[in-house]
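# Structural overview
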There are 4 protein chains.
Amino acid sequence: MALELFAEQGYDSTSLREIADRLGVTKAALYYHFRSKEEIVVATVEDFLADIDELVAWAEDQPRTTDTRHEVLRRYAEIVRVRFPSMRFFQQNPAGIHKSGLGEQFQQRMAALHGVLYDGGPPQSRIRALLAIVGMHMAAALSGDSGMPFGGGLGLSVEEANQAALDVAFDLVDRDSTEGAEGAERG
Amino acid sequence: MALELFAEQGYDSTSLREIADRLGVTKAALYYHFRSKEEIVVATVEDFLADIDELVAWAEDQPRTTDTRHEVLRRYAEIVRVRFPSMRFFQQNPAGIHKSGLGEQFQQRMAALHGVLYDGGPPQSRIRALLAIVGMHMAAALSGDSGMPFGGGLGLSVEEANQAALDVAFDLVDRDSTEGAEGAERG
Amino acid sequence: MALELFAEQGYDSTSLREIADRLGVTKAALYYHFRSKEEIVVATVEDFLADIDELVAWAEDQPRTTDTRHEVLRRYAEIVRVRFPSMRFFQQNPAGIHKSGLGEQFQQRMAALHGVLYDGGPPQSRIRALLAIVGMHMAAALSGDSGMPFGGGLGLSVEEANQAALDVAFDLVDRDSTEGAEGAERG
Amino acid sequence: MALELFAEQGYDSTSLREIADRLGVTKAALYYHFRSKEEIVVATVEDFLADIDELVAWAEDQPRTTDTRHEVLRRYAEIVRVRFPSMRFFQQNPAGIHKSGLGEQFQQRMAALHGVLYDGGPPQSRIRALLAIVGMHMAAALSGDSGMPFGGGLGLSVEEANQAALDVAFDLVDRDSTEGAEGAERG
DNA sequence: AATGAATGAGGATTCATTCAT
DNA sequence: CATGAATGAATCCTCATTCAT
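So, here's what we can say about the structure. Worth saying up front: this structure is predicted, and the values here are computed from it rather than measured. (Residues numbered from 1 in each chain as written. Chains lettered and ligands numbered in written order. Predicted model: local features only at pLDDT ≥ 70, side-chain atom pairs only at ≥ 80, totals over all residues. Heavy atoms only, no water.)

## Description of the protein's contact with DNA strand E
The line we're drawing: Residues are classed as near a molecule or strand on a simple rule: at least one heavy atom within 4 Å of it. In protein, a polar contact requires one atom able to donate a hydrogen and another able to accept it; more generally it is a pair of N or O atoms within 3.5 Å, and residues adjacent in sequence count only if both atoms are side-chain atoms. In DSSP terms, a helix is any run of H or I states spanning at least four residues, a strand is any run of E spanning at least two, and both are numbered starting from the N terminus.
Neighbouring residues of DNA strand E: 28 residues in total, closest T26 and H33 of chain A, T26 and Y32 of chain C together with Y31 of chain D. Counting only the atoms of DNA strand E within 4 Å of the protein, the fraction contributed by sugar and phosphate is 66%. One of the backbone nitrogen or oxygen atoms of T14 of chain B is found 3.4 Å away from a phosphate oxygen of DNA strand E. Within the backbone of K37 of chain D, an N or O atom sits 2.8 Å from a phosphate oxygen of DNA strand E. When residues of the surface near DNA strand E are traced back to their parent elements, those giving at least two are α3 (27-33) of chain A, α2 (16-23) and α3 (27-33) of chain B, α3 (27-33) of chain C together with α2 (16-23) and α3 (27-33) of chain D. With five residues, the top contributor of residues to the surface near DNA strand E is α3 of chain C.

## Thoughts on the interface of chain D and chain C
How we decide: Contacts are residue-level and defined by heavy atoms, with any inter-residue pair within 4.5 Å sufficient. Using a 1.4 Å probe, buried area is obtained as the accessible area two parts lose upon being combined, added over both of them. A side-chain nitrogen of Lys or Arg and a carboxyl oxygen of Asp or Glu constitute a salt bridge if their distance falls within 4 Å.
In this complex, chain D contributes 46 residues to the contact, which on the side of chain C involves 47 residues. Carbon and sulfur atoms supply 67% of the area that chain D and chain C bury against each other, a total of about 4,100 Å² over both sides. Linking chain D to chain C there are three salt bridges. Note that D171 of chain C and R175 of chain D form a salt bridge whose closest N and O atoms lie 2.3 Å from each other. Here chain D is connected to chain C by six residue pairs in polar contact (both at pLDDT 80 or more). Looking at the side of chain D that touches chain C, the elements with two or more residues in it are α1 (2-9), α6 (84-92), α7 (94-98), α8 (102-117), α9 (123-142) and α10 (158-174) of chain D. Residue contributions to the side of chain D that touches chain C peak at twelve residues, all from α9 of chain D.

## What to know about the pattern of salt bridges
Any two side chains of opposite charge can pair if their charged atoms end up close together. What counts, and what does not: With a 1.4 Å probe rolled over the protein chains alone, any residue whose accessible area is under 20% of its type maximum counts as buried; one over 50% counts as exposed, and the rest are partly exposed.
Summed over the entire model, instances satisfying the criterion amount to 47 salt bridges over all chains. E78 of chain B is paired through a salt bridge with R81 of chain B; the nearest N and O atoms lie 2.8 Å apart. On the criterion of helical spacing, the pair formed by E78 of chain B and R81 of chain B is a turn pair, its members being three residues apart in helix α5 (residues 66-82). Look at E78 of chain B and you get partly exposed, because its relative accessible area is 38%. A relative accessible area of 49% means that R81 of chain B is categorised as partly exposed. The salt bridge involving R74 of chain D is made with E71 of chain D; its shortest N-O contact spans 2.6 Å. Of the two residues, R74 of chain D and E71 of chain D are both situated in helix α5 (residues 66-82); the distance of three residues between them amounts to about one turn of the helix. Classification of E71 of chain D by relative accessible area gives partly exposed; the value is 23%. Shared partners join several salt bridges into a network, and the residues in it are D47, D51 and R83 of chain A.

## What to know about the relation of the copies chain D and chain C
We count it as follows: When the copies are overlaid, the least-squares fit takes in C-alpha atoms only where the residue has pLDDT of at least 70 in both copies.
With an RMSD of 0.2 Å, chain D superimposes on chain C once it is rotated by 179 degrees and translated 0.1 Å along the axis. Overall, the copies show the geometry of a two-fold rotation axis. Among all C-alpha atoms of chain D, that of Q92 of chain D lies closest to the rotation axis, at 2.1 Å. Here 100% of the interface residues in chain D have copies in chain C that are interface residues too; the copies meet face to matching face.

## A short note on the interface of chain A and chain B
The criterion, for reference: All amino acids are sorted into three groups, where Ala, Val, Leu, Ile, Met, Phe, Trp, Tyr, Cys and Pro are nonpolar, Asp, Glu, Lys and Arg are charged, and the leftover types, Gly among them, are polar.
Residue-level contacts link 46 residues of chain A with 47 residues of chain B. Buried surface at the junction of chain A and chain B, both sides included, amounts to about 4,100 Å², of which 67% is carbon and sulfur. The interface formed by chain A and chain B holds four salt bridges in total. A salt bridge links D171 of chain B to R128 of chain A; the nearest nitrogen and oxygen atoms lie 4.0 Å apart. Counting the contacts that link chain A with chain B gives six residue pairs in polar contact (both at pLDDT 80 or more). At the level of elements, α1 (2-9), α6 (84-92), α7 (94-98), α8 (102-117), α9 (123-142) and α10 (158-174) of chain A are the ones that each hand at least two residues to the side of chain A that touches chain B. Among the elements that make up the side of chain A that touches chain B, the one with the highest residue count is α9 of chain A (twelve residues). In the side of chain A that touches chain B, the residues fall into 24 nonpolar, 13 polar and nine charged.

## Looking at the relation of the copies chain A and chain B
Between chain A and chain B, which share one sequence, the superposing operator has a rotation angle of 179 degrees and an axial displacement of 0.1 Å; the RMSD is 0.2 Å. Most of the interface of chain A is mirrored in chain B, where 100% of its interface residues again form contacts.

## What about the environment of V82 of chain D?
Of note, V82 of chain D is situated in helix α5. On a C-alpha basis, the gap between V82 of chain D and S143 of chain D in space is 13 Å, while along the polypeptide they are 61 residues apart.

## A closer look at the packing of helix α8 (residues 102-117) of chain C against helix α9 (residues 123-142) of chain C
All names here are of chain C. The criterion, for reference: Note on definitions: angles span 0 to 180 degrees between N-to-C directions of axes, and those axes are lines fitted to C-alpha atoms, for helices only across the stretch in contact. In this scheme, roughly parallel covers angles under 35 degrees and roughly antiparallel covers those over 145, while 65 to 115 is roughly perpendicular and the rest are oblique. The sense of a crossing depends on the near helix, which, turned anticlockwise from the far helix by less than a right angle, makes the crossing left-handed and, turned clockwise, makes it right-handed.
The interhelical angle for the contact between α8 and α9, taken along N-to-C directions, is 120 degrees, at an axis separation of 9 Å. Relative to α9, the element α8 is oriented oblique. Handedness of the crossing formed by α8 with α9: right-handed. Two secondary-structure elements touch here, α8 through M110, L113, H114 and L117 and α9 through R126, A129, L130, I133 and H137. Residue composition of the contact of α8 with α9, by class: six nonpolar, two polar and one charged.

## Let's talk about the environment of G103 of chain B
Assignment of secondary structure puts G103 of chain B in helix α8 (residues 102-117). C-alpha of G103 of chain B to C-alpha of N93 of chain B: the two residues are ten residues apart in sequence and 9.1 Å apart in space.

## Description of α6 of chain D
Of all nine residues that make up α6 of chain D, eight are buried, and the element is covered over most of its length. Where α6 of chain D is concerned, the buried positions are F84, S86, M87, R88, F89, F90, Q91 and Q92 of chain D.

Given below as structure tokens:
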């Protein structure tokens, strides 16, 4: 609800009046339930962080196999789909985020998720795990009027984009185990 | 100069007073040179767009070979390095962008760049070209305190990160021509 | 309880939420017992006014002797000690006082008290009676962190300050009867 | 100008709108000249503090005689007359004062002034010096609609009140040197 | 007897913008 | 060329107060 506005327009550009109007309440009513604008955004974003926490916790209990990594990506794709506004908010709001350490919280989660997908190996593998994650973000952004860069789609349907992004992500995190063509990388 | 502020704090959070102060002039002096806050940001971001235009124009004159694609990525990496604040501004400022069609301009460029890197083929290839570009953004963000998600680095030096990202990007745009393992993608 | 807040922070700076919190009740509960913020302050200050009324009534029944005046000052010192927050509130809250004629009520009492201490005589005597009263206020303010001007003490213990102030006050109201040095005043 | 409002209604009760209105400018115009409400009050009160500083500095250069003390009181009476709103503001605004150490500044000055008038001796002498100062405040308050307690006058003309207060103050600070009746004080 | 929820009015403050000089 | 001064509109936020339950 409020988060959509934050995500669309940015934290600063979204006034409490707008939020209150959209929610059909008074500005002052918001302040009965939240102590500040910051608290509002924190509240609306908490679930997203919690979802990632849960996913990471689950992953850390699994064997570090290809299948686990794939399942992590699948689940993360779902999380991003459901919590799309939250994700977008984090990706696009430097100002609204540096306050109250919300940015750091997101970076922590991203690092944890990355830790689950990256098993050691050359810098290239690190980057690949990174891009696998970002790929999930892009997939979500590709469908619908996301307002994000690359948004507006490349002419793919939602399922197509999702599946294609997953395929590419799988491939990216698989490259590490499938050593062989690895020698060509530095050249 | 002014752009760094926009990139660091966001368009809305950066006041003209701050910009004027950092530039050592008066607020009113800014209005002698620019007609509005919007015009300031447009002016500071123009070079970045122009650089991409030039790159795309050059690429369209080249044969569509692997080498060309690699060179495009290399040059784009350099552009992003030099114009980092501009890039960051585009990625992180929903508000400052929706005004005056600046966002659309960036999306156009990204689409053009994508067009140069993507030669047709399955949706997966589309996504790969996308991630190759995003990879260049990440590489720039990884070095230094970028404030972007995944910023703060993964323990890589600037050159390492750059080279690794290029390697991965090369690999991503090469996957299209190097048919063979392609059959595994759907599984 | 509530009055201490009013005295410490001033009428306007003390919100009903603060009062309710300190009292361990709800803001709405306050409105069950009092009809307005004003009524709260009136209620908490009434005892002080009543004490003065009683003192003045007693004094008016006594013979107008030196001893009576001394006893009035002693009793007023005690009142001020016990009702210190109320006194402080009156001295320091122009805003909270102008409403509902509370200020006038205090001025009335001060005038009555003054009337009991001042027996006629030159303007100087008037002023002396005034300062005798104010001296009692200062004595109370001198002990403890009163927040009043001259508060914080002059390095005197509570008893010292009290006794010294009383001595001086006695002396001030005695000057009237003890004619003699009076001739020096105009010089 | 603005200070009169602060003194009349108290710091908190005086809104910037009121000040701006009375000054015939916009609220925003105030913010061009002052950085905050606090700065406004500081600015309007500075002269008063400076006057006291000057007086104390002068006094400390003089021999510590009766005449000097009398002249100090005379000059302080004049200062209080001229800067009456400032003085009143300090005496009546606990809240507006605790911020920005303005209260402490006033207490410092009062202590310095007291130091100039008090030459050692028993606690009673301390109190007397205090009351001499306060007497000057009362004198100013007695004339005109001061709004202070004891304001509204005791039926004295301005000059009468002033002269009477001075007489009493002289007497108070003289009591120290004129030892003799001092023995009766403790009784 | 008490409260959770809501609100209208107003608070200080900031901002992009204008304009006479 | 440049600036000091000013402003209208909007910001977040707080408050005293009300009312259904």
